[in-house]
Amino acid sequence: MAETQIEWTDATWNPVAGCSIVSAGCTNCYAMEMARRLQAMNVKKYKGLTRRSGKRTIWNGIVREDHSALQIPLSWKKPKKIFVNSMSDLFHEEVSNAFIEAVWGIMRATPHHHYQILTKRPERMSELVRDRIGEVLPNVWLGTSVENSAVTGRVDELRTVPAAIRFVSFEPLIGPVGNVDLSEIDWAIVGGESGRSARPIREEWIDEIYDQCSRFDTAFFFKQWGTWGKDNKRRSKKANGRVYRGRVWDEMPASLQGSMVEAE
Ligand code: SF4
């Protein structure tokens with residue numbers, strides 16, 4: 001799967017399928033519903049990964065390593081920003097160390113791409129990258145997701161990971177994160193939740209993150225309001241748009257531009 005509508009990347013690469021819920025940000029995980037749909041379309045990779053819970057579809061905890069998907073980035077000759085595992089979490093406890101190392105091998109072999117890895121399990125990422133992999137690849141960005149103040153400790157964990165670029169995704173932002181410490185964090189993405197069950201985002205929560213980005217010189221990317229506008233009125237994602245403080249914020253980490261141009 002390569003095409004994506006995610007505003008901050010060019011392509012997705014899913015060597016892992018399936019996951020399990022870890023925190024409040026996972027409640028409306030789009031990948032669960034997408035996995036159900038792909039199963040209904042007879043896509044083998046996504047068979048048997050979810051179960052029904054009332055009217056909802058949720059992960060059942062089965063996680064599948066897709067060895068056949070490992071080679072995909074080798075066939076992409078043009079440099080891309082690649083979001084790794086939009087349908088799972090590479091550092092899920094059911095993904096073997098050996099498989100994660102195989103993913104690292106592909107990223108090492110394709111320095112013309114930039115890989116964006118986002119996890120809600122930064123403890124495992126930190127342990128594995130620091131103590132086992134022990135290598136900083138210049139084309140690999142490591143990030144964590146933070147949805148509210150209950151999980152800001154993930155940012156502290158991220159800081160312990162050696163990485164060319166560290167980033168935090170505050171999406172879906174469903175609560176305030178206060179004066180979150182963004183020292184040594186290169187990039188922050190902020191976004192509201194989408195979909196029928198979306199929870200509201202508040203402009204003052206975004207303001208706090210924006211101020212911390214200015215303080216720590218962290219690039220700021222405002223992805224979307226989701227399906228709740230800044231006036232706390234529910235509308236379509238398209239109608240809500242991406243404007244914050246009168247403009248669109250598409251900042252990227254400072255070191256990206258030069259390296260992508262060089263690769264081309
Ligand atoms: S960690 Fe990510 S993929 Fe896994 S359930 Fe949570 S939101 Fe979904």
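Here is a short report on the structure shown in this document. Note that the structure is a prediction, hence the values are computed from the model and not measured. (Residues numbered from 1 in each chain as written. Predicted model: local features only at pLDDT ≥ 70, side-chain atom pairs only at ≥ 80, totals over all residues. Heavy atoms only, no water.)

### Remarks on unusual backbone geometry
- For the peptide bond that leads from Glu171 to Pro172, omega is 0 degrees, which places it in the cis range.
- Within the secondary structure layout, Pro172 lies in the loop between strand S9 (165–170) and strand S10 (187–191).
- The phi dihedral of Glu184 is positive, around 65 degrees, even though this residue is not glycine.
- Positionally, Glu184 belongs in the loop between S9 and S10.
- A relative accessible area of 52% means that Glu184 is categorised as exposed. (Helix = DSSP H or I, 4+ residues; strand = E, 2+ residues; numbered from the N terminus. Buried < 20%, exposed > 50% of the residue type's maximum accessible area, 1.4 Å probe, protein only.)

### Here's the deal with helix H5 (residues 203–216)
- Given a rise of 1.5 Å per residue, 14 residues ought to cover 20 Å, and the 20 Å separating the end C-alpha atoms of H5 matches this to within 8%.
- Inspection of H5 places Trp205, Ile206, Ile209, Tyr210, Gln212 and Cys213 among the buried residues, and these make up the whole buried set. Projected down its long axis, H5 shows its buried positions confined to an angular sector of 160 degrees, all on one face.
- Contacts made by the buried residues of H5 are with S9, S10, strand S11 (219–224) and strand S12 (243–244).
- Downstream of H5 by one or two residues, Asp217 has phi in the positive range, about 60 degrees. (Expected span 1.5 Å × (residues − 1). Arc of directions from axis to C-beta. Contact = heavy atoms within 4.5 Å.)

### Examining the layout of surface pockets
- What the second largest pocket holds in volume is close to 200 Å³.
- Lining the second largest pocket are 14 residues, and of these Asp186, Asp217, Thr218, Ala219 and Glu251 lie nearest its centre.
- At the level of secondary structure, the elements contributing two or more residues to the lining of the second largest pocket comprise H5 and S11.
- The greatest single-element share of the lining of the second largest pocket, amounting to three residues, is contributed by H5.
- Grouping the amino acids of the lining of the second largest pocket by side-chain chemistry returns eight nonpolar, three polar and three charged. (1 Å grid on protein atoms, 1.4 Å probe; cavity = no way out; pocket = protein on both sides within 12 Å on 5 of 7 lines; lining within 4 Å. Points joined across faces, edges and corners; volume = space filled by probe spheres on them. Nonpolar A, V, L, I, M, F, W, Y, C, P; charged D, E, K, R; others polar.)

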